[in-house]
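Summary of the model geometry
Residues per chain are reported as follows:
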Amino acid sequence: MTAVLVIEDDADLRRALGINLRARDYKVAMAESGATGLAMAEASPPDLVILDLGLPDMDGTDIISALRAWSRVPILVLSARSGQGDKIDALDAGADDYLTKPFGMGELLARLRAGLRRRVDGIDQPVVQAGSFTVNLAARRIQDGDGQEVHLTPIEWQVLEVLVRNEGRLVSQRELLQEVWGPGYLTETHYLRVYMGHLRRKLEADPANPRHLLTEPGMGYRFIRD
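Residues numbered from 1 in each chain as written. Predicted model: local features only at pLDDT ≥ 70, side-chain atom pairs only at ≥ 80, totals over all residues. Heavy atoms only, no water.

Moving on, we come to the overall build of the protein chain. A count of helices and strands for the protein chain gives eight helices and 11 strands. Taking all 226 residues of the protein chain together, the buried fraction comes to 43%. Element-wise, carbon and sulfur atoms account for 48% of the exposed surface of the protein chain, whose accessible area totals about 11,300 Å². Across the protein chain, 27 positive and 33 negative side-chain charges occur, with their mean positions spaced 4 Å apart. (Helix = DSSP H or I, 4+ residues; strand = E, 2+ residues; numbered from the N terminus. Buried < 20%, exposed > 50% of the residue type's maximum accessible area, 1.4 Å probe, protein only. Areas by Shrake-Rupley, 256 points an atom, 1.4 Å probe, with all protein chains shown as cover. Lys, Arg positive; Asp, Glu negative; His and termini not counted. Charge placed at Lys NZ, Arg CZ, Asp CG, Glu CD.)

Counting residues in hydrophobic clusters, the biggest one holds 47 residues, and the most contacted among them are Ile64, Ile142, Leu160, Leu163 and Leu176. Looking at this core, the element that brings in the most residues is helix 6 (residues 154-165), giving six residues. Not counting residues up to four positions away in its chain, the partners in contact with Ile142 are Phe133, Thr134, Val135, Gln148, Glu149, Val150, Leu152, Trp157, Leu160 and Leu203. (Core = buried A, V, L, I, M, F, W, Y, C linked by side-chain atoms within 4.5 Å. Contact = heavy atoms within 4.5 Å.)

This part takes up a positive patch on the surface. A grouping of Arg24, Arg113, Arg117 and Arg118 is seen on the molecular surface, where their side chains present a positively charged patch. Here Arg117 shows up in helix 5 (residues 105-117). Among the residues examined, Arg117 registers a relative accessible area of 65% and is labelled exposed. (Patch = residues over 30% accessible without salt bridge, like charges linked within 9 Å, V, L, I, M, F, W, Y side chains within 5 Å. Salt bridge = Lys/Arg side-chain N within 4 Å of Asp/Glu carboxyl O.)

Written out as structure tokens, the structure reads:
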């Protein structure tokens, strides 16, 4: 069954969504707060998330960003906020679609089906084990083989996060510079050499002969789990 996670604090709307989704054979999980929704998504990754932006404990865009740290799951936003700026913020944070309240259930179901059709194949994993270290993308933490936390600077974390999210795929120098530093730094390849060196010294058993953080000369970098 296709699993849908609904993160919505309005009990009546949660109930209506649950009835309509289950009637169409979706497996539905419900959360009434952002923190609960993120914990549920990490414990059992859904196929699609329906998210209300106006939650009592977290802003919806922060939830989107937290999910996007490790997941490509389609995110359909529901919100009473109809301003263009709110829509832009949610979509820029990583939402796939935006539906303004009030809405028709038929339209929501059609958008849900469209989101599922566009879903990127692959397994989302918030926790990745690589040799002697573990990367928790959801919690933004790294532990070594003894369970001790490995401290990374914000830039080191961003570089590692991009590579881990693209496990096995060559990430070009320009793509990595764009994601971490922005469009004004696309020729600053020496930044990458410096920070990859830092990461290898902190994470690789033999930094001079890395197994997980690999360089493809003149092209980019690749993260390999095993």
